[in-house]
Amino acid sequence: MISVVIPVYNEKDSLAPLHAEIAEVARRANLDLEAFFVDDGSTDGSWAVIADLAQRDGRVHGIRFRRNFGKAAALSAGQVLPV
């Protein structure tokens with residue numbers, strides 16, 4: 001399984017197209033892939049989009065920070081997830 005960690009900060013409009021592209025690449029390459037979207041304190045509704053993607057696609061997982069901690073913290077959160 002390949003895990004992709006995607007830091008998110010106020011990216012609600014790009015999340016669905018990004019998910020679609022990742023899913024299509026995984027499909028074409030026959031990859032067993034999961035995506036972790038880490039919402040780094042977004043204020044634009046990004047979390048609602050992530051939650052919707054996770055509900056519709058079991059390969060999508062969301063992590064939500066209460067405030068902005070920065071890209072490095074978001075990436076680190078994805079690295080400590082249980083296998």
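Before going into details, it helps to say that this report is about the structure given with it. (Residues numbered from 1 in each chain as written. Predicted model: local features only at pLDDT ≥ 70, side-chain atom pairs only at ≥ 80, totals over all residues. Heavy atoms only, no water.)

**Comments concerning the sheet that holds strand β3 (residues 60-65)**
Part 1 of the reasoning: One open sheet accounts for three strands, arranged β1-β2-β3; its pairing is parallel. Only two strands of the sheet have a single partner each, and these edge strands are β1 (2-8) and β3. Taking each pair of neighbouring strands and ignoring which way they run, the sheet shows an average axis angle of 20°.
Part 2 of the reasoning: For strand β2 (residues 33-40) and β3, the ladder comprises six bridges, and the chain directions are parallel. Residue F37 lies in a different strand from β3, and its bridge partner there is G62.
Part 3 of the reasoning: Docked against the sheet, helix α1 (residues 12-28) engages β1, β2 and β3, running at close to 160° with respect to β2. (Pairing = 2+ DSSP bridges. Helix = DSSP H or I, 4+ residues; strand = E, 2+ residues; numbered from the N terminus. Axes fitted to C-alpha atoms, helices over the stretch in contact; angles between N-to-C directions. Contact = heavy atoms within 4.5 Å.)

**As for the nonpolar core**
The nonpolar side chains of soluble globular proteins are, as a tendency, buried together.
Part 1 of the reasoning: I6, V8, L15, I22, A26, L33, A35, F37, I50, L53 and V60 form the largest nonpolar core, which has 11 residues in total.
Part 2 of the reasoning: Every element with two or more residues in this core is listed here: β1, α1, β2 and α2 (46-56).
Part 3 of the reasoning: Apart from the residues lying within four places of it in its own chain, the contact partners of A26 are L31 and L33.
Part 4 of the reasoning: Within the second largest apolar cluster, five residues are counted, among which are V38, F65, A74 and A77. (Core = buried A, V, L, I, M, F, W, Y, C linked by side-chain atoms within 4.5 Å. Buried < 20%, exposed > 50% of the residue type's maximum accessible area, 1.4 Å probe, protein only.)

**Details of the pattern of salt bridges**
Part 1 of the reasoning: Counted under the stated rule, the structure contains four salt bridges.
Part 2 of the reasoning: For E24, the salt bridge is made with R27, and the minimal N-O distance between the two is 2.6 Å. Linking E24 with R27, this pair stays in helix α1, spanning three residues, or about one helical turn.
Part 3 of the reasoning: Relative accessible area serves as the criterion here: at 27%, E24 is assigned to the partly exposed category.
Part 4 of the reasoning: Accessibility expressed as a relative area gives 56% for R27, which makes it exposed. (Salt bridge = Lys/Arg side-chain N within 4 Å of Asp/Glu carboxyl O.)

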